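Summary of structural features
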Amino acid sequence: MLTPTLASGPRARAAVDGWYAVPSSLSWEVPGAASAARQVERLPFTVRVAHAAQDLQKAVDVRHAAYARHLPAAITQGLRSPEPMDHAPGVAVLLAESKVDGSALGTPRIQTNRYQPLALEQSFDLPDWMAGAPCAEVTRLAVAQAVHSRVVKTVMLKAAYFWCLREGVRFVLVAARTPLDRQYARLMFRDIYPGQGFVPLAYAFNLPHRVMYCQIATARDDGAEHPLYDFWFNTDHPDIDLD
């Protein structure tokens, strides 16, 4: 995979440790392309909406491989092909691809409740203050086993956030098993029902998941002191294409 040069100068962002894993050496600034408050970074991979059948199959392949690493083959066999939800209205499947060889590096699926209830609602009742609002659920998040897999995951979640923002979503929901739930908590997702714990979800093989949410309208202010704030809100990534 491509290893970009270190961004230099007073606006070079410090590396972020831990799960976020966004080293300053991963990207570079484009001279003259950024204002004093913003910077532009190029990535060694792209993130875009999967439109063509071959795009979707690449997303499905990395999805199946990721789930198969942790779950029995009897459970994951059905993930070898696209699911009906992948083709449903109000749904976007994102695909991260290496610039070097075009290989699939990761994928999430985003479903809005514009046309039908969220898949989550098969097993989980949303609170009244959320049930009537524009919501989206991020599911089937998967990354390939690659050097920069944690960076890919972080960038895909940024892309999912801005896709939801563009679509007028108010609440972004996720359902996660341990330890992924703690990773979402570090991204300031909160429990919908604090203290409820983990609940089995029909669309997720009836495995127990922690159901969490992020409120789009307050995310920028709430995250002012977050280590990823500049990466999320003050950095333009032209390699994220949500059209």
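Residues numbered from 1 in each chain as written. Predicted model: local features only at pLDDT ≥ 70, side-chain atom pairs only at ≥ 80, totals over all residues. Heavy atoms only, no water.

The name given to the protein chain in an unreviewed UniProt entry is N-acyl amino acid synthase FeeM catalytic core domain-containing protein, with the source organism recorded as Tepidimonas fonticaldi.

What follows concerns the overall build of the protein chain. Looking only at helices and strands, the protein chain has 7 helices and 11 strands in total. Contacts in the protein chain between residues far apart in sequence, at least 24 positions, make up 68% of those at least 6 positions apart. A total of about 11400 Å² of accessible surface is found on the protein chain, and carbon and sulfur atoms cover 53% of it. (Helix = DSSP H or I, 4+ residues; strand = E, 2+ residues; numbered from the N terminus. Contact = heavy atoms within 4.5 Å. Areas by Shrake-Rupley, 256 points an atom, 1.4 Å probe, with all protein chains shown as cover.)

Moving on: the nonpolar core. Counting residues in hydrophobic clusters, the biggest one holds 41 residues, and the most contacted among them are F45 and V47. Among the nonpolar cores identified, the runner-up in size contains 21 residues, and L120, F124, A175 and Y213 belong to it. (Core = buried A, V, L, I, M, F, W, Y, C linked by side-chain atoms within 4.5 Å. Buried < 20%, exposed > 50% of the residue type's maximum accessible area, 1.4 Å probe, protein only.)

Turning our eyes to something else, we now look at the side chain of D239. On the secondary structure map, D239 appears in the loop between strand 10 (235-236) and strand 11 (240-241). Among the polar contacts listed, one links the side chain of D239 to the side chain of K99, at a separation of 2.9 Å. (Polar contact = N/O pair within 3.5 Å; in protein donor to acceptor, adjacent residues only side chain to side chain.)

What follows concerns the packing of aromatic side chains. Tallied over the entire structure, the rule returns 11 aromatic pairs. Relative to F162, the ring of Y161 lies with its centre 5.0 Å away and its plane at 85°, an arrangement referred to as edge-to-face. Taking the relative accessible area as the measure of exposure, Y161 reaches 9% and is therefore buried. Note on Y161 and W232: the rings are 6.3 Å apart at their centroids and 65° apart in plane angle, and the pair reads as edge-to-face. (Phe/Tyr/Trp six-rings, centres within 6.5 Å; stacked < 30°, edge-to-face > 60°.)

Here the focus is the environment of T107. If you trace the backbone, T107 turns up in strand 4 (residues 104-112). Separated by 49 residues in the primary sequence, T107 and K58 have C-alpha atoms spaced 9.1 Å apart. A polar contact is formed between the side chain of T107 and the backbone oxygen of L94, at a distance of 2.6 Å.

Consecutive residues of a regular strand have side chains that alternate between opposite faces of the sheet. The buried fraction of strand 3 (residues 91-98) is high, at 8 of 8 residues. Burial along strand 3 is two-sided: the face carrying V91, V93, L95 and E97 and the face carrying A92, L94, A96 and S98 are both buried. Relative to strand 3, strand 2 (residues 45-49) runs antiparallel, the two being bridged by 5 bridges. From the neighbouring strand, V49 faces strand 3, where its bridge partner is L94. In this sheet, strand 4 lies alongside strand 3 in antiparallel orientation, the contact comprising 5 bridges. (Pairing = 2+ DSSP bridges.)

What follows covers the pattern of salt bridges. Across all of its chains, the model carries 16 salt bridges by this definition. Here K58 makes a salt bridge to E97, at a shortest N to O gap of 2.6 Å. Placement of K58 in helix 1 (residues 53-68) and of E97 in strand 3 is noted, with a sequence separation of 39 residues between them. K58 sits in the partly exposed class, given a relative accessible area of 25%. Salt bridges linked by common partners bring R63, E83, D86, R109 and R140 together as one network. (Salt bridge = Lys/Arg side-chain N within 4 Å of Asp/Glu carboxyl O.)

In terms of burial, strand 6 (residues 171-176) is largely enclosed, as 6 of its 6 residues are buried. Side-chain alternation along strand 6 places F171, L173 and A175 on one buried face and V172, V174 and A176 on a second face that is also buried. When strand 5 (residues 135-143) meets strand 6, the two strands line up parallel, connected through 4 bridges. Following the sheet pairing, E137 is matched in strand 6 by L173. In this region the chain leaves strand 5, passes through helix 4 (residues 149-166) and returns to the parallel neighbour strand 6; the handedness of that crossover is right-handed. (Right-handed = clockwise from strand over helix to strand, strands pointing away.)

To continue, consider helix 1. Three or four residues apart is the spacing at which side chains of an α-helix point the same way, because the helix has 3.6 residues per turn. Its 16 residues place the ends of helix 1 22 Å apart at the C-alpha level, agreeing with the 22 Å of an ideal helix rising 1.5 Å per residue. Every buried residue of helix 1 is accounted for by D55, L56, A59, V60, V62, R63, H64, A66 and Y67. Looking at the buried side of helix 1, the elements it contacts are strand 2, helix 2 (73-76), strand 3, strand 4 and strand 5. (Expected span 1.5 Å × (residues − 1).)

With that settled, the discussion passes to helix 4. Taking 1.5 Å of rise per residue, 18 residues should cover 26 Å, and helix 4 covers 26 Å from first to last C-alpha, within 8% of that figure. The buried fraction of helix 4 amounts to 14 of the 18 residues, a majority that puts the element mostly inside the structure. Once helix 4 ends, the next one or two residues include G168, with phi positive near 75°.

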